[in-house]
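Letter by letter, the chains look like this.
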Amino acid sequence: VSDAGQSFYRHRWSNYLQLDASITERTAVSQSVYVQNRLDALAKFRLLSESRCSFAVEEQLSINLMYSVRFDTTPYENVQPLDTALMTELQWDF
């Protein structure tokens, strides 16, 4: 990051965990969690959580419901620390 001729190096340590499960033959859920801690201050971190539930309508057609949460303990100026999103997706595999 540069500001007024000054440079700051904020290296991060990235980790993630992903879980997938088939509930029925046509329904599956998954959860992914990503955490990035700053190496110079481990209490300052970014987190991304993505949840998905997939429903197979046909063999090649699915409906996905997704929910994501983004959190940053030290966000940029004029950026909220918490952001959430709920999404619906139509997926066609070919």
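Parameters and conventions
- Residues numbered from 1 in each chain as written.
- Predicted model: local features only at pLDDT ≥ 70, side-chain atom pairs only at ≥ 80, totals over all residues.
- Heavy atoms only, no water.
- Pairing = 2+ DSSP bridges.
- Helix = DSSP H or I, 4+ residues; strand = E, 2+ residues; numbered from the N terminus.
- Axes fitted to C-alpha atoms, helices over the stretch in contact; angles between N-to-C directions.
- Salt bridge = Lys/Arg side-chain N within 4 Å of Asp/Glu carboxyl O.
- Buried < 20%, exposed > 50% of the residue type's maximum accessible area, 1.4 Å probe, protein only.
- Contact = heavy atoms within 4.5 Å.
- Polar contact = N/O pair within 3.5 Å; in protein donor to acceptor, adjacent residues only side chain to side chain.

Chemist: I'd love a proper account of the sheet that holds strand β6 (residues 61–72), names of residues and values included.
Modeler: Sheet architecture is open: five strands sit in the order β3-β4-β5-β6-β7, paired in antiparallel fashion. Each end of this open sheet is capped by a strand with a single partner; those strands are β3 (12–22) and β7 (82–92). Pairs of neighbouring strands in the sheet enclose a mean axial angle of 15°, with direction left out of account. In terms of strand pairing, β6 meets β7 through 11 bridges, oriented antiparallel. If you follow Asn64 over to β7, its bridge partner there is Glu89.

Chemist: Account for the pattern of salt bridges, with residues named and values stated.
Modeler: Counted by the stated rule, this structure contains four salt bridges. Of the charged contacts in the structure, one is a salt bridge between Asp83 and Arg70, with a shortest N-O distance of 4.0 Å. Highlighted residues: Asp83 in strand β7 and Arg70 in strand β6, separated in sequence by 13 residues. For Asp83, a relative accessible area of 40% gives the class partly exposed. Taking relative accessible area as the criterion, Arg70 reaches 39% and is therefore assigned partly exposed.

Chemist: Hey, could you go over the environment of Asp20 for me, with residue numbers and the actual values?
Modeler: Relative to the helices and strands, Asp20 resides in strand β3. Remark: the alpha-carbon pair of Asp20 and Ser32, spanning 12 residues in sequence, is separated by 8.7 Å. Apart from residues no more than four positions distant in its own chain, Asp20 is found in contact with Val29 and Ser30. Among the polar contacts made by the side chain of Asp20, one reaches the side chain of Gln18 at a distance of 3.3 Å.

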